[in-house]
Every structure is written in structure tokens, then in C-alpha cells.
Amino acid sequence: MLEGEPKERRDRLLRAWADDLDHKGFTELQINLEMFPTKPEGFGEMVPDIVARRQDGRRLVGEIWMCESVDRDHDMFSRAMNYAYHGDVVMLLVPFDCLEEAEELVRQWGLDAEIFVQGIFD
């Protein structure tokens, strides 16, 4: 989570995302609320919001990107590159209000083949 984001909102979205992944059959869910019970393997200082295993065995690395953070593209670029390097599938979850802006930034970075952006209702 980037500084300045409303923690309660982010935590609520993160719990809802984890529930959705659980219902879809993802396993080994690790959620970064206060702190991971065990830090996910392979991550240094940048720890993602969620790490899970898909049914096909590939790892999902996810980050909630609030609209207030979209203009901090340098910080998120570094995080996204780190996650793309470590995770099999990288997902940025953003409110629909800033979905187009987030998708455009990922395209500008040249990472739209490695990183998927999905909108959420908030």
C-alpha cells in the first residue's frame, strides 16, 4: 500500500478480492493486511497485497492500486516490474473511476503483456 491511501478502504477491497479468489479455487492465499503470517517467498522489500496459487499452478501476484496512487507512476512502475519479475501472473486491481488511466500507464510502460489491470466497483 502506498502512503496516503485510506487504509480501511484498501483493507475492505483486499478482503473482498481474497474472498473472490478463494471462491474461484485459488489456493495458498497470502494477504498483506497488517503483515503476512509468513512473508511470501522471493520478495524483498516490496511485498504485494496478495499472493495466491491458481488451479494451473501458476502464482498470482496482486496489488490494489487506488486512484489516488495512479499519478505516482514511478513508484508503481518499480513495484509492477518487481512483481512481474517474481510472479507468474501480475494483476493490478483498480477502481473503475481510474481504470482507463491505469491501463494506459501499463501500456506506456510496455508491460501490458505481463501485467493485467482489472476494474473493481467501490
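What counts, and at which threshold
- Residues numbered from 1 in each chain as written.
- Predicted model: local features only at pLDDT ≥ 70, side-chain atom pairs only at ≥ 80, totals over all residues.
- Heavy atoms only, no water.
- Pairing = 2+ DSSP bridges.
- Helix = DSSP H or I, 4+ residues; strand = E, 2+ residues; numbered from the N terminus.
- Right-handed = clockwise from strand over helix to strand, strands pointing away.
- Disulfide = S-S within 2.5 Å.
- Buried < 20%, exposed > 50% of the residue type's maximum accessible area, 1.4 Å probe, protein only.
- Axes fitted to C-alpha atoms, helices over the stretch in contact; angles between N-to-C directions.
- Contact = heavy atoms within 4.5 Å.
- Core = buried A, V, L, I, M, F, W, Y, C linked by side-chain atoms within 4.5 Å.

**Student:** When you look at the pairing of strand β5 (residues 115–120) in this model, what are you seeing that I'm missing?
**Tutor:** Along any regular strand, the residues point their side chains to alternate faces of the sheet. Where strand β4 (residues 89–95) and β5 come together, six bridges link them in parallel fashion. Directly across from Pro95, in β5, lies its bridge partner Ile120. Between the parallel elements β4 and β5, the chain passes through helix α4 (residues 99–109) in a crossover that is right-handed.

**Student:** Mind showing me how you'd approach the state of the cysteines here?
**Tutor:** By definition, a disulfide links the sulfur atoms of two cysteines through a covalent bond. Tallying each qualifying case throughout the model produces one disulfide. Paired through a disulfide, Cys67 and Cys98 show a sulfur-sulfur distance of 2.2 Å. Note on the Cys67 and Cys98 pair: the S-S dihedral is about -90 degrees, so by sign convention the disulfide is left-handed. Here Cys67, found in helix α2 (residues 67–70), pairs with Cys98, found in the loop between β4 and α4; they are 31 residues apart in sequence, far enough to count as distant. By relative accessible area, which is 22% here, Cys67 ends up partly exposed.

**Student:** Help me out: how do you make sense of the sheet that holds β4 in this one?
**Tutor:** In any sheet, the strands associate via hydrogen bonds between backbone groups, in a parallel or an antiparallel arrangement. Read across the sheet, five strands follow the order β1-β2-β3-β4-β5 without closing on themselves; strand pairing throughout is mixed. Only two strands of the sheet have a single partner each, and these edge strands are β1 (27–31) and β5. Each strand of the sheet is rotated relative to its neighbour by a mean of 20 degrees, with strand direction disregarded. Here β1 runs beside strand β2 (residues 50–53); their pairing, made up of three bridges, is antiparallel. The partner of Thr27 across the bridge, within β2, is Arg53. Together, β1, β2, β3 (59–64), β4 and β5 form the strand contacts of helix α1 (residues 7–23), whose direction differs from that of β3 by roughly 155 degrees. Here α4 sits on the sheet and contacts β4 and β5; the angle it forms with β5, its principal contact strand, is near 175 degrees.

**Student:** Just checking my understanding: could you explain the nonpolar core for this structure?
**Tutor:** The nonpolar side chains of a soluble globular protein tend to be buried with one another. Ranked by size, the top nonpolar core spans 20 residues in total, and within it Trp65, Leu92, Val94, Val106, Trp109, Ile115 and Val117 carry the most contacts. Going through the elements one at a time, α3 (73–86), β4, α4 and β5 are the ones with two or more residues in this core. Element by element, the count of residues in this core is highest for α4, at five residues. Apart from residues no more than four positions distant in its own chain, Leu92 is found in contact with Glu63, Trp65, Met76, Val106, Ile115, Phe116, Val117 and Gln118. Within the second largest apolar cluster, 15 residues are counted, among which are Leu14, Ala52, Leu60 and Leu93.

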